[in-house]
Amino acid sequence: LISRKTVSLKYPLGAKVGQCCGGSVDILFEPLCCEPRLYIFGAGHVGQAVTRVMAETEFEVHLIDERTDWLRSERVAPGTRLHEESWDLFCDQALWHPELTFVVIMTHQHDLDQEILSALLKRKRAYLGLIGSQTKWRKFRERLSARGASIADLDEVECPIGIPCGGGKAPGDIAISFSAGLLKHLNRAQECQPAIAL
């Protein structure tokens, strides 16, 4: 199920499993609704650009923002799941999975970024990214550490996000860099999953 592959397994029924009559049973394991989910907190220019880049990937993309005009912009990719609500309400109702939930925080306010990040450090997820510079991340680490966040939890956060691409600062450049890094992270995680023998 973790590998997201459909498999059929045969189990013999005999004395070893407490069955006297013998025979066997075939079980089909078919994972349903297990696409990786990307939760984007913040529907600004970069968040909108990320929806467009990720639209053609296997990710189910969710965009979370209370600002209607940004969330419902024509620059948001069709098919993006829109959540016009507070981040904490979304978090309480969202599905959190240690292998399938990917999160990036890129709101319009640094204090909001920090508040969301602080709340998500203990959530089950495969990836947690924060838009920002190394300077921003140093300040966040200091503040969150002072509030009791562990070094192990903070080390799981990726900031700056994405792969190096020559320093492009345009929303599209950042979206491509982030998306490439996220896909690399997903593929690496899938390669590490145990194989299921048929």
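For the structure itself, consult the block above.
Predicted model, so just to flag it, every value in this text is computed and none were measured.

Explain helix 5 (residues 134–146) to me, please; I cannot follow it from the model alone.
Over its 13 residues, helix 5 runs 18 Å from end to end, which matches the ideal 18 Å to within 8%, given 1.5 Å per residue. Within the span of helix 5, buried status applies to Lys136, Trp137, Phe140 and Leu144. Angular distribution of buried residues about the axis of helix 5 spans 90 degrees; they occupy a single face of the element. Of the exposed residues in helix 5, those oriented more than 90 degrees away from the buried face are Gln134, Glu142 and Ala146.

Sorry if this is basic, but what is going on with the pattern of salt bridges here?
Pairing is possible between side chains that carry opposite charge, provided their charged atoms lie close to one another. All chains considered together, the criterion is met by 10 salt bridges. The partner of Glu60 in a salt bridge is Arg37, with the nearest N and O atoms 3.2 Å apart. Of this pair, Glu60 sits in strand 4 (residues 60–64) while Arg37 sits in strand 3 (residues 37–41), placing them 23 residues apart in sequence. Asp153 is paired through a salt bridge with Lys122; the nearest N and O atoms lie 2.7 Å apart. With a gap of 31 residues between them, Asp153 in helix 6 (residues 151–155) and Lys122 in the loop between helix 4 (110–120) and strand 7 (127–130) connect regions that are remote in the sequence. Look at Asp153 and you get buried, because its relative accessible area is 12%. Judged by relative accessible area, which is 67%, Lys122 ranks as exposed.

What is the right way to read the nonpolar core from this model?
Soluble globular proteins tend to bury their nonpolar side chains together. Core analysis: the biggest nonpolar cluster contains 24 residues, and Phe41, Ile105, Leu117 and Leu120 have the highest contact counts within it. Looking at this core, the elements that each hand over two or more residues are strand 3, helix 3 (87–93), strand 6 (101–105), helix 4, strand 7 and helix 5. Sorting elements by how many residues they give to this core places helix 4 first, with four residues. Dropping the residues within four chain positions of it, Phe41 is found in contact with Ile64, Trp87, Phe90, Cys91, Val103, Val104, Ile105, Met106, Thr107, Ile116 and Leu120. Within the second largest apolar cluster, 22 residues are counted, among which are Leu38, Ala43, Ile161 and Phe178.

It is not clear to me how the side chain of His62 should be interpreted in this structure. Could you clarify?
Secondary-structure assignment places His62 in strand 4. For His62, a relative accessible area of 7% puts it in the buried group. Residue contacts for His62: discarding those within four places in its chain leaves Arg37, Leu38, Tyr39, Ile40, Arg81 and His83.

Help me understand the side chain of Gln114 in this model?
Residue placement: Gln114 occurs in helix 4. Reaching out from Gln114, the side chain makes a polar contact with the side chain of Arg143 at a distance of 3.0 Å. With residues up to four places along the chain from it excluded, the contact list for Gln114 reads Phe140, Arg143, Leu144 and Arg147.

Is there a simple way to explain the packing of helix 4 against helix 5 in this structure?
Geometrically, a packed helix pair is captured by the angle between its two axes and the distance between the axes. Contact geometry for helix 4 and helix 5: axes closest at 11 Å, N-to-C directions at 50 degrees. It follows from the interaxial angle that helix 4 and helix 5 lie oblique. Our pair here, helix 4 against helix 5, has a crossing hand that is right-handed. Of the residues in helix 5, those touching helix 4 at His110, Asp113, Gln114, Leu117 and Ser118 are Lys136, Trp137, Phe140, Arg143 and Leu144. Of the residues assigned to the contact of helix 4 with helix 5, the class counts are four nonpolar, three polar and three charged.

Help me out: how do you make sense of a negative patch on the surface in this one?
A contiguous patch of negative charge, built from Glu66, Asp88, Asp111 and Glu115, is present on the exposed surface. For Glu115, the location among the structural elements is in helix 4. Classification of Glu115 as partly exposed rests on a relative accessible area of 43%.

Help me out: how do you make sense of the packing of aromatic side chains in this one?
A ring pair, where both rings are aromatic, is described by two values, the distance of the centres and the angle of the planes. Tallied over the entire structure, the rule returns five aromatic pairs. Plain terms: the ring middles of Phe41 and Phe90 are 5.8 Å apart, the flat faces sit at 80 degrees to each other, and that makes the pair edge-to-face. Of this pair, Phe41 sits in strand 3 while Phe90 sits in helix 3, placing them 49 residues apart in sequence. Taking the relative accessible area as the measure of exposure, Phe90 reaches 4% and is therefore buried. Clustering of aromatic rings is evident, with ring pairs tying together Tyr39, Phe41, Phe90 and Trp96.

How each quantity is defined
Residues numbered from 1 in each chain as written. Predicted model: local features only at pLDDT ≥ 70, side-chain atom pairs only at ≥ 80, totals over all residues. Heavy atoms only, no water. Helix = DSSP H or I, 4+ residues; strand = E, 2+ residues; numbered from the N terminus. Expected span 1.5 Å × (residues − 1). Buried < 20%, exposed > 50% of the residue type's maximum accessible area, 1.4 Å probe, protein only. Arc of directions from axis to C-beta. Salt bridge = Lys/Arg side-chain N within 4 Å of Asp/Glu carboxyl O. Core = buried A, V, L, I, M, F, W, Y, C linked by side-chain atoms within 4.5 Å. Contact = heavy atoms within 4.5 Å. Polar contact = N/O pair within 3.5 Å; in protein donor to acceptor, adjacent residues only side chain to side chain. Axes fitted to C-alpha atoms, helices over the stretch in contact; angles between N-to-C directions. Parallel < 35°, antiparallel > 145°, perpendicular 65-115°, else oblique. Left-handed = near helix turned anticlockwise from the far one by under 90°. Nonpolar A, V, L, I, M, F, W, Y, C, P; charged D, E, K, R; others polar. Patch = residues over 30% accessible without salt bridge, like charges linked within 9 Å, V, L, I, M, F, W, Y side chains within 5 Å. Areas by Shrake-Rupley, 256 points an atom, 1.4 Å probe, with all protein chains shown as cover. Lys, Arg positive; Asp, Glu negative; His and termini not counted. Charge placed at Lys NZ, Arg CZ, Asp CG, Glu CD. Phe/Tyr/Trp six-rings, centres within 6.5 Å; stacked < 30°, edge-to-face > 60°.

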